[in-house]
Amino acid sequence: MLATGAAEHAVAASHASSREVHMPPFRVKKRARARVVLTALFAALGLLLPAAMASADPGPSLSRPSFAPMGAGATLPPPTTPLPCPPTCVNWTQPAPYDAVVYGDSYTSGEGASHNHKYLTKADGTEDFTHKSGLAPFYVAWAALEMGRNPLRKMTLTSDKMETVIGRDRLFFQASSGAWIKHLDEAQMEKKGGTVVRNPPQTHDVPSTAKLVYFGLGGNDAGFADMVSTAATAYLWPSNGSLLGSLLWEEEQERSVALEIGRLEPQIADLKNKVARGLWSVRETHGEAEIVVALYPLGVKASGNTGIREITGRTMDLMHPFAVKVNKAIRDGVAQFQASFPQTKVHIFDPNTAGPNGTSVVAGHELGQPDSYFQGLVYRPDLLLSKPFQSYQESFHPNELGAVAIGKALATFLAEKMPALFPKGPKYSTLTINPQPLVAAPEEIQAVNEWAAANGPQLCEDTDIDSVCRSITPDGIVLSWDLWFDPNKVRPFPDTPTPGGPDTGSPGGGGGSGEGSTWIPAQYIPKDPCDIFRPVRVDYYAGVKVQGGPLQGPITIHDLVMAPGAKCVPGVGLIYE
């Protein structure tokens, strides 16, 4: 027994010695002195104990079990099986740590995923218009997967909080509402042409050794914000409180959105190249990471959409093919990138096929459907006076319900694609989430409508200078005569447009004169002006008016064509004989 005890003491001393390398010197010396004293004490007890036991007064004897003598050649019993882990402990080996980095725009940051307009704030507690939400799809997925990696943890998710270190794993959430692909390497300003920085370059101050990178960009490069602003302005402003306007806004919205989508087609065509360049930038920053590229959820049905108060069903029908083309361009950009860098692992997460049996995660919950996963037009009258565009930047994004549903699908996707990182998959039993939809108060709706009636043009403040949004007026959509009929001004110019410039320069640019135009360039108009009268486009241009030049006031294209002596000459345009 004493020999065994001495051996145990020797092992304990060895273990203690192995721990001393981490202790301050003064603690090592105290431990050393203590060990010497205890060793001597144990040794003395070992010598004195037999004598003490022999000379001690006999006390009450304890019954002890008797064992039969072990015969020659008898074998020792097998080692005792360890007791099972009690319910209070976890038989768990902590996984190796990793870093995850998230790049993205509003759909990634969690724009709209707040039922009370609360997001992560700036350091001083004021609103941060990057609108990072603790219910953003990636964060929901990451938190659920981290619960699987850290079974002793519990979390409650809310839109205004985001924990970025769980166990030894770190998250760098760089996404920002309004970001373009160029904002991977450039600072994003609060307003176009402004000097106040909303978000620094997203690839700055991130770990190069990250194992997982999420890429959710491209929608703003394609013009999503301009399309949304055009639809919102057509609803909010042309009505102008008049009975006639309130009856005609639906036609104006459908027409203006159709024109805007036509204008945006060239931007979609170039999107795949931008995506490929963006992925190259990510690879340069994180050479060993696996990249997950996110596509956009289709928030409207392919056809037969049910309109809501601010958007008609026909307008939604027009938006669907636009969104499909954006997602295809992103896929094409990934393919282009992988053709050059086949060794980099890239996974495409498509929420439109990530549901059960390849269905859409948002199927049955599109805009206009009961229990929709998407915001309609969001009203924030508290921001109208200082930040008109930000007052409705939450519009047409996944709400809390949609963001959480997409996040859960993403968690399953990541666990399947990266089993080494997430061998246990997502765990929701220790994750508390209570998603709720945003409900606009009637007084908020009234306040925004009243403001828009008097300040309509400001609704387009953050759109491209050539957006159709800027050609919407209380009289309808009014375009410059020169834009349509002057061959020197209908061709696109490379110059940068001047915000607020005179309506006399070349559309979309100053043509080198430095006097930019506020009128839209002609890329979205058919190269042959007579094309606008073909049946496929007649619905888009019906009711569009032209002003300027020899015209005394705005006049519709139809009235121009029907004017005495008017003739449309292919390749030339409209002439009068």
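This one's a predicted model, so the numbers in the text were calculated from it and none came from an experiment.

Regarding the sheet that holds strand 13 (residues 545-547)
The four strands lie next to each other as 11-12-13-14, forming an open sheet whose pairing is mixed. In the strand order of this sheet, the two ends are held by strand 11 (472-473) and strand 14 (555-556), each with one partner. Note that strand 13 and strand 14 share two bridges and pair antiparallel. Residue pairing for strand 14: Val546 is matched across the bridge by Ile555.

Examining the packing of helix 8 (residues 271-285) against helix 9 (residues 313-340)
Relative to each other, helix 8 and helix 9 sit at 50 degrees, their axes nearing to 7 Å. Between helix 8 and helix 9, the interaxial angle falls into the category oblique. Every pair of crossing elements has a handedness; the one defined by helix 8 and helix 9 is right-handed. Across the interface between the two elements, Leu271, Lys272, Asn273, Val275, Ala276, Leu279, Trp280 and Arg283 of helix 8 pack against Val326, Ala329, Ile330, Asp332, Gly333, Val334, Gln336 and Phe337 of helix 9. Looking at side-chain class alone, the contact of helix 8 with helix 9 contains ten nonpolar, three polar and three charged residues.

A short note on the state of the cysteines
Counting across every chain of the model gives one disulfide. Between the sulfur atoms of Cys460 and its disulfide mate Cys469 the distance is 2.0 Å. The disulfide joining Cys460 to Cys469 has a torsion of about -75 degrees about its S-S bond and is therefore left-handed. Comparing Cys460 with Cys469, the two get one shared label, buried.

Thoughts on the pairing of strand 1 (residues 99-104)
Most of strand 1 is tucked away, with six of its six residues classed as buried. Neither face of strand 1 is exposed, since Asp99, Val101 and Tyr103 on one face and Ala100, Val102 and Gly104 on the opposite face are all buried. As paired strands, strand 1 and strand 4 (residues 169-173) are joined by four bridges and run parallel to one another. The residue bridging Ala100 from the neighbouring strand is Leu171, located in strand 4. The sheet contact formed by strand 1 and strand 7 (residues 212-216) spans five bridges and is parallel.

Looking at the packing of aromatic side chains
Tallied over the full model, the rule gives eight aromatic pairs. The rings of Tyr107, Phe224 and Tyr296 are connected pair by pair, giving a single aromatic cluster. Positioned over the ring face of Trp180 is Lys182, at 5.5 Å from the centre of the ring. Here Lys408 stacks its cationic end above the ring of Tyr428, 5.2 Å away from the centre of that ring.

Points about the pattern of salt bridges
Going through the model one piece at a time under the given rule, you end up with 20 salt bridges. Taking the shortest distance from any N to any O, the salt bridge between Arg283 and Glu284 comes out at 3.6 Å. A salt bridge links Arg380 to Asp382; its shortest N-O distance comes to 3.5 Å. For Asp382, a relative accessible area of 54% puts it in the exposed group. Linked by salt bridges that have partners in common, Glu127, Arg380, Asp382 and Glu394 make up one network.

Each value, and the rule that gives it
Residues numbered from 1 in each chain as written. Predicted model: local features only at pLDDT ≥ 70, side-chain atom pairs only at ≥ 80, totals over all residues. Heavy atoms only, no water. Pairing = 2+ DSSP bridges. Helix = DSSP H or I, 4+ residues; strand = E, 2+ residues; numbered from the N terminus. Axes fitted to C-alpha atoms, helices over the stretch in contact; angles between N-to-C directions. Parallel < 35°, antiparallel > 145°, perpendicular 65-115°, else oblique. Left-handed = near helix turned anticlockwise from the far one by under 90°. Contact = heavy atoms within 4.5 Å. Nonpolar A, V, L, I, M, F, W, Y, C, P; charged D, E, K, R; others polar. Disulfide = S-S within 2.5 Å. Buried < 20%, exposed > 50% of the residue type's maximum accessible area, 1.4 Å probe, protein only. Phe/Tyr/Trp six-rings, centres within 6.5 Å; stacked < 30°, edge-to-face > 60°. Lys NZ or Arg CZ within 6 Å of the ring centre and 35° of its normal. Salt bridge = Lys/Arg side-chain N within 4 Å of Asp/Glu carboxyl O.

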